[in-house]
Amino acid sequence: MSAAAMLWRWGASLAAPLLPAYLRRRLARGKELAGRLEERRGFGAARPPGPLVWLHAASVGETLSLLPVVETLAPRVQILLTTGTVTSAALLERRLPPALRARVRHRFAPLDVPSWVKRFLDGWRPDVAAFVESELWPNMILAARARSLPLVLLNARLSPRSAQRWRLAPRLGRELMGAFALVLAQSEGDAARLAALGAPEVRVPGNLKEAVPPLPADPAALAALRAAIGGRPVLLGASTHPGEEAILLEAHRLLAGAHPGLLTILAPRHPDRGAEVAALAESLGLAARRRGEGALPEAETAVYVADTLGEMGLFYRLARVALVGGSLVPHGGHNPLEPARLGCPILLGPHTANFADLAARLLAAGGAGLVEPPEAAALAAAADGVLSHRDHGRRLAEAAAAALAPAEGLPGEVAEALLRLLPAQGPQWGQGPIDA
């Protein structure tokens, strides 16, 4: 074990007595569930008979990317799915098909304390484990390797900045990456950086997030919003950050004359900013209403603030064109796959580092419009091109769909890679067939 891994192990063990207080603070902030705190210490195992595949996703985006893989695996094996956030657990409850719930067990991942990790692995005894994207917890990974548990890093990514940081602890990087039997990278660039870090076998099947099903929408809520909006043109600012709302509001003012009845929907990335965003609109003389207050847009409403969680599927279905936020300001951009999956024409600012490969592919394929420079006039011009010419919007949506089409078979490919790592038999499987 490298010196860095040993220091991490000792540090986590020394910190363990303080971590229950840390978990209680998270509970007070709504970041943990009261009845499930013990899962963070490795308790709560209920291993079913038969082969068990353990999948771990940190949060909402990673959990969503796993759902098509889960649907492919669940008829053939039992699944333990761990996550690290309350929101991801709630999403799983909403999105997991009822027919699969008997075969998928959710737990919160234990914190990376050696004794807690041991308790978790002793209780569940998985046959294959797969971590999503960049979840590299040293104690968990090294404990799994010590048990000869086949490990896979799914949809793996390693940014140039993260790769640079790993150069400060190269032995630890090699030790952790060397524990993985297989690394499935999102892109060729990620693959090269992961191989340089020490991954022994790296493949590039593609990005699982490109195979995620479209965001759902409550039919009654969608019908109510459509009735309230009527035939008005809709510009959406999706997952916006401070600074972006001001650009969108100024673009609204520039567009309103040419597009009577224009409604701009602003969905801030952090819904607790809803009052702030509405106040900004009102200060510019634009009548605003907030969904977080239960309001629907009225005839005089110019700006509708979508300050709720889990409803982006509604707004992408309503919009004639959507600016994906985090891209007009240097935040790195948010996921353009969500509007693409729903046939909503996409606009992107220049700041798309978080989805650099995907954004570049969409732009090159004509599946998104670029707002450059990231200013109101450029945004208004790009939005006007879609609002004034439905054929242009349709071409953007069709090109985006075509760019994503190759990923449709990816969940099955990933599922087969995991199944091939299952041992031929295992005493932990129990007696008899898996319960249906």
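Note that the coordinates shown come from a computational prediction; the quantities given were computed from them, not determined experimentally. (Residues numbered from 1 in each chain as written. Predicted model: local features only at pLDDT ≥ 70, side-chain atom pairs only at ≥ 80, totals over all residues. Heavy atoms only, no water.)

Draft legend 1. Here's a closer look at the overall build of the chain. Scanning the chain from terminus to terminus reveals 18 helices and 14 strands. Taking 22 Å as the expected radius of gyration for a compact globule of 436 residues, we find that the chain reaches 23 Å, a close match to that expectation. A principal-axis box enclosing the C-alpha atoms of the chain has dimensions of 70 × 45 × 45 Å. A buried classification covers 54% of the 436 residues belonging to the chain. When contacts within the chain are restricted to residue pairs at least 6 apart in sequence, long-range pairs at least 24 apart make up 70% of them. Per element, the accessible surface of the chain, about 18600 Å² overall, is 56% carbon and sulfur. (Helix = DSSP H or I, 4+ residues; strand = E, 2+ residues; numbered from the N terminus. Rg over C-alpha atoms; globule rule 2.2 N^0.38 Å. Buried < 20%, exposed > 50% of the residue type's maximum accessible area, 1.4 Å probe, protein only. Contact = heavy atoms within 4.5 Å. Areas by Shrake-Rupley, 256 points an atom, 1.4 Å probe, with all protein chains shown as cover.)

Draft legend 2. Examining the side chain of Arg95 more closely. Relative to the assigned elements, Arg95 resides in helix H4 (residues 86–95). Buried within the structure, Arg95 lacks any salt-bridge partner; Glu71 is the closest side chain of opposite charge, at an N-O distance of 7.4 Å. Once residues lying within four places of it in the same chain are set aside, the contact partners of Arg95 are Leu64, Leu67, Pro213, Pro214, Leu215 and Pro216. (Lys, Arg positive; Asp, Glu negative; His and termini not counted. Salt bridge = Lys/Arg side-chain N within 4 Å of Asp/Glu carboxyl O.)

Draft legend 3. Layout of a positive patch on the surface. Residues Arg24, Arg25, Arg29 and Lys31 make up a contiguous surface patch of positive charge. Here Arg25 is to be found in helix H2 (residues 19–28). (Patch = residues over 30% accessible without salt bridge, like charges linked within 9 Å, V, L, I, M, F, W, Y side chains within 5 Å. Charge placed at Lys NZ, Arg CZ, Asp CG, Glu CD.)

Draft legend 4. Region of interest: the sheet that holds strand S5 (residues 151–156). Spatial strand order, S3-S2-S1-S4-S5-S6-S7: seven strands in an open sheet with parallel pairing. Two strands bound the open sheet, and with one partner strand each, they are strand S3 (104–108) and strand S7 (202–203). Here strand S4 (residues 128–132) runs beside S5; their pairing, made up of four bridges, is parallel. Paired with Ala129 across the bridge in S5 is Leu151. Packing of helix H9 (residues 188–197) onto the sheet brings it into contact with S5, strand S6 (182–185) and S7, and relative to S6 it is tilted by some 150 degrees. (Pairing = 2+ DSSP bridges. Axes fitted to C-alpha atoms, helices over the stretch in contact; angles between N-to-C directions.)

Draft legend 5. The arrangement of the pairing of S6 in detail. Residues of S6 alternate between two faces, with Leu182 and Leu184 on one and Val183 and Ala185 on the opposite face, all of them buried. By the bridge criterion, three bridges tie S5 to S6 in an arrangement that is parallel. If you follow Val152 over to S6, its bridge partner there is Leu182. This β-α-β element, S6 to H9 to S7, shows right-handed connectivity. (Right-handed = clockwise from strand over helix to strand, strands pointing away.)

Draft legend 6. Main features of the environment of Val104. Inspection of the secondary structure puts Val104 in strand S3. The class of Val104 is buried, set by a relative accessible area of 8%. Along the backbone, Val104 and Leu73 are 31 residues apart, and their C-alpha atoms lie at a distance of 9.9 Å.

Draft legend 7. Helix H6 (residues 138–146), seen in detail. Those residues of H6 that sit buried are Pro138, Asn139, Met140, Ile141, Leu142 and Ala144. The inward-facing, buried residues of H6 contact helix H1 (3–15), strand S1 (52–57), helix H5 (114–124), S4, S5 and helix H8 (170–177). Residue Ser148 follows H6 closely and has a positive phi angle near 60 degrees.

Draft legend 8. Molecular detail of the environment of Leu149. With respect to the helices and strands, Leu149 occurs in the loop between H6 and S5. Between the C-alpha atoms of Leu149 and Arg171, which are 22 residues apart in sequence, the distance is 21 Å. The contact partners of Leu149, leaving out residues within four places of it in the chain, are Pro126, Asp127, Val128, Ala129 and Ala144.

Draft legend 9. Focus on helix H15 (residues 356–364). For H15, the full list of buried residues reads Leu358, Ala359 and Leu362. Projected down its long axis, H15 shows its buried positions confined to an angular sector of 95 degrees, all on one face. On the buried face of H15, the contacting elements are helix H14 (337–341), strand S13 (346–348) and helix H17 (390–404). A positive phi of about 75 degrees marks Gly366, the residue just after H15. (Arc of directions from axis to C-beta.)

Draft legend 10. Spotlight on the sheet that holds strand S14 (residues 369–370). One open sheet holds the seven strands; their spatial order is S10-S11-S9-S8-S12-S13-S14, and the pairing between them is parallel. Either end of the sheet is taken by a strand with one partner, and the two such strands are strand S10 (288–290) and S14. Relative to strand S11 (residues 303–305), S10 runs parallel, the two being bridged by three bridges. Looking across to S11, one finds that Arg290 is bridged to Val305. Packed onto the sheet, helix H16 (residues 376–387) meets strand S8 (234–240), strand S12 (321–324) and S13 and runs at close to 150 degrees relative to S12.

Draft legend 11. How the structure looks around the packing of aromatic side chains. Evaluation of the coordinates by the stated rule reveals four aromatic pairs. With centroids separated by 6.4 Å and ring planes inclined at 45 degrees, the aromatic side chains of Trp8 and Trp137 adopt a geometry described as tilted. One end of the pair, Trp8, is in helix H1; the other, Trp137, is in the loop between S4 and H6, with 129 residues separating them in the sequence. For the pair Trp54 and Phe131, a centre-to-centre distance of 5.2 Å together with 75 degrees between the ring planes defines the contact as edge-to-face. Of this pair, Trp54 sits in strand S1 while Phe131 sits in strand S4, and the two are 77 residues apart along the sequence. The pair formed by Trp54 and Phe131 is uniform in burial state, with each residue classed as buried. An aromatic cluster is present here, built from Trp54, Phe120, Phe131 and Phe180 joined pairwise through their rings. Against the face of Phe43 rests Arg119, its NZ or CZ located 4.0 Å from the ring centre. (Phe/Tyr/Trp six-rings, centres within 6.5 Å; stacked < 30°, edge-to-face > 60°. Lys NZ or Arg CZ within 6 Å of the ring centre and 35° of its normal.)

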